[in-house]
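Residue-level structural notes
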Amino acid sequence: MPRQVRYGDYVQAVTVDQEAISYEKMMPPEPRKDKDGNEIAAKPEKLQMTNLDVYNLLKPYLGTRFMDQVNAVVPLAAYLALFQILVLQVPVAEAGMLSIGLIAVMVGLMLFMEGLKLGLMPFGEIIGSKLPLKLPLVGVLFIAFLLGIGVTFAEPAIGALQIAGQIVKAQDAPYLYTLLNDRVGTTVLVVGMAVGIAAVIGTLRFLYDWSLKPLIYIGLIPVSLMTGYCALDPDLRTMVGLAWDCGAVTTGPVTVPLVLALGIGVATAGGGGDSKLQGFGIVTLASILPIMAVLGLAIFLKFTVPVDVILAEAAANASAASAAGEAAWHTQSPYAEVVGGVRAIVPLVIFLMIVLFAVLREKLPNAFIVVYGLVLSVVGMCVFSIGLTYGLSQLGGSAGSLVPGLFNTLDSMPNAPLYQFGVGVFITALFAWILGFGATLAEPALNALGLTVQNLTNGSFKKSMLMYSVSFGVAIGITLGIIKLIFGFSILYILVPGYIAGVILTYLSTEEFVNVGWDSAGVTTGPITVPLVLAMGLGFGNALGAVEGFGILASASICPIVSVLALGVFVQWKVKSENERAREEAQDDLAKA
């Protein structure tokens, strides 16, 4: 009797790839024996693979990892390109080179993230678990401090600061210029030391289960005082945006996992690893302390290096560069990016090896895979740096320099302004809002954080609620940052109300929501978002004649904190109200019974 089968089941059955294999082929071969009757060890035959076999083997492995980067890069690039062509009515310059640069970004980031997982992360996990057993707490904290410095230099987005420094003019902002050009190494070192201190405090917090709330209050007090001092000084006023943006640059894919692995390892070895909030808070500390470090460095230079000296150094460097003619090969692109990529990763690897082999005297498990991962990290960083120069920074800078043509005259746009001032500003704000919302929603780290929060709150704070609240906050932050550049007001008009609201909401929130809310800013500052937004802001500011274009990242960091904390307070109130109503109904049922 015929049996009815659903057509979908039939299609699924006939499309399954299958091959019948004889059972004998799966059995080991008969053992061979020598003339004395001793069994000869069998050597497996060398695996023979065709090019098609290699492709089928690597396709799922590379496809998943590459598509993660494609999903983050391509929608943003398409949005910016279409906006430039359709709304600004300007063709994309050097589209071929730009496309190659974006492909390099995706390939480089794919290789780097895979190398980070296979090569660098095993170091962090082994050191985090073994270090507390071999060294006293002081020694462990010293290693954590040095690790914080090393991972800062290895952050992919840190190179965006150096590219941004090329746009700043010494005459307009001398101290900003010197920190991003002549003394950029010192700037990154100081930021790294701040991240190192954050790693130390974070490790102690994991170990002793400190609350994050007082650490936030203690950190914001000196940061606020130093920000106010710099804002009142005409020479240091331009430093405020850079300092607060540095807090966003440091919390990337290298710093957080490595420092987190060390801190959790120490806490677990010390018996303090059972908290459900374990792992939260390190992003917050690594965001606040670099702000303080950069502002402190600026104030120190103000008292030690006069403006005339900085201008003289800038003039001397410019004249030396023109007199020398063609610069050395290692300072030219793309060789400079390759050299920079090697310098970023290799010193960190050497430091981790010294700690593992010389201090801990431990062997490296799966050495071949780890070395393979380290090679991927170096190659990926180099390729990503090249793509950053020719792709992301080029795309962001081009879009940022042309968007003001919506409401302002531009030499590069003969038909500018395209609209009346009010209409043009509105379209610009809408463009920034959509960019911020879409870029954040595409961040893979945001999805992971949403799942963690949903589990942490037993479903009361759903993943979608967190993702949309963070994306909404970033969109508002980037929009406010762009408006700040248009009207030329101080970044403090955004930061002061934002952080006052953040502190009030922190006081009203529970420890769980404080940890989640303040760490949510870290997922918005990935290696793709940071260079793109930085370049766009600097290009935007340059087109409008602004002294500097920093501050957008700072705005994009505080706004999601406020939005998540505010939503958390609402969720707390809603859960409390539902519990009270359920208790009242239960009491009524008991009274009736």
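For the structure, see preceding data.
So, a few notes on the structure that sits alongside this text. (Residues numbered from 1 in each chain as written. Predicted model: local features only at pLDDT ≥ 70, side-chain atom pairs only at ≥ 80, totals over all residues. Heavy atoms only, no water.)

**Observations regarding the overall build of the protein chain**
Counting secondary structure elements, the protein chain contains 22 helices and two strands. A total accessible area of about 29200 Å² is found for the protein chain, and carbon and sulfur atoms account for 64% of it. (Helix = DSSP H or I, 4+ residues; strand = E, 2+ residues; numbered from the N terminus. Areas by Shrake-Rupley, 256 points an atom, 1.4 Å probe, with all protein chains shown as cover.)

**Details of the packing of aromatic side chains**
One pass over the full model with this rule turns up 14 aromatic pairs. On the numbers, 6.1 Å between centres and 20° between planes, the contact of Tyr208 with Trp210 is stacked. Judged by its relative accessible area of 37%, Trp210 is partly exposed. With a centroid separation of 6.1 Å and 45° between ring planes, the pair formed by Tyr499 and Trp518 is classed as tilted. Taken together, the positions of Tyr499 in helix H19 (residues 492-508) and Trp518 in helix H20 (residues 511-519) put the pair 19 residues apart, joining distant regions of the chain. Across this residue pair, the class does not change: Tyr499 and Trp518 are buried. (Phe/Tyr/Trp six-rings, centres within 6.5 Å; stacked < 30°, edge-to-face > 60°. Buried < 20%, exposed > 50% of the residue type's maximum accessible area, 1.4 Å probe, protein only.)

**Examining a nonpolar patch on the surface**
Taken together, the side chains of Val338, Val342, Val346, Ile350, Ile354 and Val359 make up a nonpolar region of the molecular surface, amounting to roughly 410 Å² of accessible area. Mapping Val342 onto the fold places it in helix H14 (residues 335-359). (Patch = residues over 30% accessible without salt bridge, like charges linked within 9 Å, V, L, I, M, F, W, Y side chains within 5 Å. Salt bridge = Lys/Arg side-chain N within 4 Å of Asp/Glu carboxyl O.)

**Comments concerning unusual backbone geometry**
A cis amide bond links Ala416 to the next residue, Pro417, at an omega of 0°. Looking at the secondary structure, you find Pro417 in the loop between helix H15 (367-402) and helix H16 (421-441). Phi is positive for Asp209, which is not a glycine, with a value near 60°. By the element assignment, Asp209 lies in the loop between helix H8 (184-208) and helix H9 (212-232). In this structure Asp209 comes out as exposed when scored by relative accessible area, which is 56%.

**With respect to H8**
Between its first and last C-alpha atoms H8 spans 36 Å; for 25 residues at 1.5 Å apiece the expected length is 36 Å, and the two agree. Positive backbone phi, approximately 60°, marks Asp209, located one or two places after H8. (Expected span 1.5 Å × (residues − 1).)

**Topic: the nonpolar core**
Soluble globular proteins tend to pack their nonpolar side chains together in the buried interior. If you look at the biggest cluster of nonpolar residues, it comprises 125 residues, and the most contacted ones within it are Leu161, Met239, Leu242, Ile478 and Phe550. At 12 residues, the largest contribution of residues to this core is made by helix H12 (residues 282-304). Excluding residues that lie within four positions of it along the chain, Ile478 makes contacts with Ala432, Gly436, Val533, Met536, Ile552 and Ala556. Listed in part, the 44 residues of the second largest apolar core include Phe123, Ile143, Ala154 and Ile282. (Core = buried A, V, L, I, M, F, W, Y, C linked by side-chain atoms within 4.5 Å. Contact = heavy atoms within 4.5 Å.)

**Quick word on the side chain of Thr178**
Take Thr178: it is sitting in helix H7 (residues 174-180). A polar contact is formed between the side chain of Thr178 and the side chain of Arg183, at a distance of 2.5 Å. Setting aside anything within four residues of it in sequence, one finds Thr178 in contact with Arg183, Val184, Leu301, Ile310 and Glu313. (Polar contact = N/O pair within 3.5 Å; in protein donor to acceptor, adjacent residues only side chain to side chain.)

**Observations concerning the packing of H15 against helix H21 (residues 529-543)**
Between H15 and H21, whose axes approach to 7 Å, the crossing angle comes to 40°. With respect to H21, the axis of H15 lies oblique. Along this stretch, H15 crosses H21, giving a crossing that reads as right-handed. Within the contact between the two elements, H15 uses Leu388, Leu392, Ser393, Leu395, Gly396, Gly397, Gly400 and Ser401 and H21 uses Pro531, Leu532, Ala535, Met536, Gly539, Phe540 and Ala543. Across the contact of H15 with H21, the residue classes tally to nine nonpolar, six polar and no charged. (Axes fitted to C-alpha atoms, helices over the stretch in contact; angles between N-to-C directions. Parallel < 35°, antiparallel > 145°, perpendicular 65-115°, else oblique. Left-handed = near helix turned anticlockwise from the far one by under 90°. Nonpolar A, V, L, I, M, F, W, Y, C, P; charged D, E, K, R; others polar.)

**Comments concerning the environment of Asn366**
Locating Asn366 in the fold gives a position in the loop between H14 and H15. Since its relative accessible area comes to 57%, Asn366 is described here as exposed. Taking C-alpha positions, Asn366 is 9.7 Å from Leu118, a pair spaced 248 residues apart along the chain.

**Quick notes on the pattern of salt bridges**
For side chains of opposite charge, pairing can occur when their charged atoms come near one another. According to the stated counting rule, one finds seven salt bridges in the structure shown. Arg205 serves as the salt-bridge partner of Glu511, at 3.9 Å between the closest nitrogen and oxygen. Of this pair, Glu511 sits in helix H20 while Arg205 is found in helix H8, placing the two residues 306 residues apart along the sequence. Each of the salt bridges in this network shares a partner with another, and the network as a whole consists of Arg65, Glu114 and Lys117.

**Some points on the packing of H14 against H15**
The axes of two packed helices give the description: the angle between them and the distance between them. At a minimum axis distance of 8 Å, the contact between H14 and H15 shows a crossing angle of 150°. As far as their axial angle goes, H15 and H14 are roughly antiparallel. Considering only the axes of H14 and H15, their crossing is right-handed. Contacts between H14 and H15 involve Glu337, Val338, Gly341, Val342, Ala344, Ile345, Val346, Val349 and Met353 from the former and Leu374, Ser377, Val378, Met381, Cys382, Ser385, Ile386 and Thr389 from the latter.

**Considering the side chain of Thr203**
As for its placement among the helices and strands, Thr203 is situated in helix H8. A relative accessible area of 2% means that Thr203 is categorised as buried. Beyond its immediate stretch of four places on either side in the chain, Thr203 contacts Leu141, Ala144, Gly263 and Val266.

**Quick word on a negative patch on the surface**
A surface patch of negative charge is lined by Glu580, Glu584, Glu585, Asp588 and Asp589. Exposure remark for Asp588: the relative accessible area of 44% places this residue in the partly exposed category. (Lys, Arg positive; Asp, Glu negative; His and termini not counted. Charge placed at Lys NZ, Arg CZ, Asp CG, Glu CD.)

**Quick look at the environment of Gly396**
Mapped onto the secondary structure, Gly396 falls in helix H15. Overall, the relative accessible area of 0% leaves Gly396 in the buried class. The sequence separation of Gly396 and Leu76 amounts to 320 residues, and the corresponding C-alpha distance is 10.0 Å. Beyond its immediate sequence surroundings of up to four residues, Gly396 is in contact with Leu532, Ala535 and Met536.

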